[in-house]
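Chains, contacts and geometry: an overview
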Amino acid sequence: MKKRILIIENDQDIRNIVELILEEQGFEMLSIPEPADLAEISSFKPDLILLDEFINSEPGHRLCRKIKQVPGLAVTPVIILSTANDIELIVKECGANDHIRKPFDIEDLINKVLRLLSYQPLTHIGV
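Focus on the sheet that holds strand β4 (residues 78-82)
Spatially, β2-β1-β3-β4-β5 is the arrangement adopted by the five strands of the open sheet, whose pairing is parallel. With partners counted over all chains shown, the strands left at the sheet margins are β2 (28-32) and β5 (98-101), one partner each. For this sheet, the mean angle separating the axes of adjacent strands, direction not counted, is 20°. For strand β3 (residues 48-52) and β4, the ladder comprises four bridges, and the chain directions are parallel. Of the residues in β4, the one forming a bridge with Leu50 is Ile79. Sheet strands touched by helix α3 (residues 60-67): β1 (4-8), β3 and β4. Its angle to β3, the strand with the most contacts, is close to 155°. Sheet strands in contact with helix α4 (residues 87-94) are β4 and β5, and its direction is about 155° off that of β5.

Things to note about the packing of aromatic side chains
For the coordinates displayed, the defined rule picks out zero aromatic pairs. Here the guanidinium or amino end of Arg4 rests over the ring plane of Phe44, the centre of that ring lying 5.5 Å away.

Focus on the state of the cysteines
Per the stated rule, a full pass over the model turns up zero disulfides. As a non-bridged cysteine, Cys94 has Cys64 as the owner of its nearest cysteine sulfur, 3.3 Å distant.

Some words on helix α1 (residues 12-24)
Between its first and last C-alpha atoms α1 spans 18 Å; for 13 residues at 1.5 Å apiece the expected length is 18 Å, and the two agree. Listing the buried residues of α1 in full gives Ile14, Arg15, Val18, Glu19, Ile21 and Leu22. Mapping the buried residues of α1 onto a view down its axis gives an arc of 165°, with all of them on the same face. Opposite its buried face, α1 presents the exposed residues Asp13 and Glu24, each directed more than 90 degrees away. Packed against the buried residues of α1 are β1, β2, β3 and α5 (106-117). The distance from a side-chain oxygen at the start of α1 to the backbone nitrogen of Asp13 is 2.9 Å, and the residue carrying that oxygen is Asp11.

What about the side chain of Ser82?
Its location among the elements puts Ser82 in strand β4. Polar side-chain contacts of Ser82 include one of 2.8 Å to the backbone nitrogen of Ala84. When residues no more than four places from it in sequence are discounted, the contact partners of Ser82 are Glu53, Phe54, Ile87, Ile100, Arg101 and Lys102.

Examining the pairing of β3
A regular strand carries its side chains on alternate faces of the sheet. A large share of β3 lies buried, amounting to five of its five residues. Residues of β3 alternate between two faces, with Leu48, Leu50 and Asp52 on one and Ile49 and Leu51 on the opposite face, all of them buried. Where β1 and β3 come together, four bridges link them in parallel fashion. Bridge assignment links Ile7 to a residue of β3, and that residue is Leu50. Note that the unit made of β3, α3 and β4 has a crossover that is right-handed.

Thresholds applied
Residues numbered from 1 in each chain as written. Predicted model: local features only at pLDDT ≥ 70, side-chain atom pairs only at ≥ 80, totals over all residues. Heavy atoms only, no water. Pairing = 2+ DSSP bridges. Helix = DSSP H or I, 4+ residues; strand = E, 2+ residues; numbered from the N terminus. Axes fitted to C-alpha atoms, helices over the stretch in contact; angles between N-to-C directions. Contact = heavy atoms within 4.5 Å. Phe/Tyr/Trp six-rings, centres within 6.5 Å; stacked < 30°, edge-to-face > 60°. Lys NZ or Arg CZ within 6 Å of the ring centre and 35° of its normal. Disulfide = S-S within 2.5 Å. Expected span 1.5 Å × (residues − 1). Buried < 20%, exposed > 50% of the residue type's maximum accessible area, 1.4 Å probe, protein only. Arc of directions from axis to C-beta. Polar contact = N/O pair within 3.5 Å; in protein donor to acceptor, adjacent residues only side chain to side chain. Right-handed = clockwise from strand over helix to strand, strands pointing away.

Take a look at the structure:
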């Protein structure tokens, strides 16, 4: 079973580019501008979440904190995507696993995703 990556990014062009890059790496993708609620994230059962810091309704780091409090999602790696100058502080504050600064390097994106997914099981139990 393919690893699942959820992209939460309000910029349609960035969503499309990241989705294309990671689909070429063999991942199953879902990209959304922002989730309606945490159930939308949980139902996809992502192996990794790429989360924009600047989504519409709330900062990405607040959503990251909420994700890390949901039992089924707490161990799911989160990578914050951002142009923020203080991205390292944001990542530390919200419990994200890593960050990618925009504009991003394609190889850096792929390497960080692969590194964070390397310790996870290949399939979801019970799926």
